[in-house]
Amino acid sequence: MDTIESIDEFVNAAMGMDPEEEPGNLFVSQDSEYQELADETVIEDEDTVRGNVMQVFAVLLETERGSLYFEYPFVEPFEMEEIQEKLEPLFERFPKVVLPHEEMAKKTGKAG
């Protein structure tokens, strides 16, 4: 499994794969990876009493010839929207499978 450092690199590498020659699945997961932060407010909004929690978005493209992995920690919802937009061409090429965080951790060997 190749771990990719940026979403642009991930998309470019995945777009270089032909889904007919290299069939596979695009696994996605979004959850709080940092359990100690799950209940802790990271950023408070002064106008409301709620806060944003650190989330981790992970995407894994598994094909018969190998796999690519990218994870992105984020706090603000707009960050997730930007990532989703960049992944849209891949969602059209490979079947998208949404996984709970625990299953993605097992697939990637990041289960603690």
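Right, let's walk through the structure included here. Treat the numbers as computed from the prediction; the structure is a model and nothing was measured.

Counting secondary structure elements, the protein chain contains three helices and seven strands. The order of α-helices and β-strands along the protein chain, N terminus first, is β-α-β-β-β-β-β-α-β-α. The buried share of the protein chain, taken over its 112 residues, is 36%. For the protein chain, the share of sequence-separated contacts (at least 6 apart) that also reach a separation of at least 24 residues comes to 68%. Accessible area of the protein chain: about 6,900 Å², with a carbon and sulfur share of 45%.

Inspection of helix H3 (residues 101–108) places His101, Met104, Ala105 and Thr108 among the buried residues, and these make up the whole buried set. Projected onto a plane normal to the axis of H3, the buried residues spread over an arc of 105 degrees and lie on a single side. Along its buried surface, H3 packs onto strand E2 (24–31), strand E5 (55–63) and strand E6 (66–74). Immediately beyond the C-terminal end of H3, within one or two residues, lies Gly109, with a positive phi of roughly 75 degrees.

Let us now look at the sheet that holds strand E7 (residues 96–98). Ordered in space as E1-E6-E5-E2-E7, the five strands form an open sheet in which the pairing is mixed. Strands at the two margins of the open sheet, each flanked by one partner only, are strand E1 (2–3) and E7. Here two bridges tie E1 to E6, and the two strands are oriented parallel to one another. Paired with Asp2 across the bridge in E6 is Leu68.

Calculation criteria
Residues numbered from 1 in each chain as written. Predicted model: local features only at pLDDT ≥ 70, side-chain atom pairs only at ≥ 80, totals over all residues. Heavy atoms only, no water. Helix = DSSP H or I, 4+ residues; strand = E, 2+ residues; numbered from the N terminus. Buried < 20%, exposed > 50% of the residue type's maximum accessible area, 1.4 Å probe, protein only. Contact = heavy atoms within 4.5 Å. Areas by Shrake-Rupley, 256 points an atom, 1.4 Å probe, with all protein chains shown as cover. Arc of directions from axis to C-beta. Pairing = 2+ DSSP bridges.

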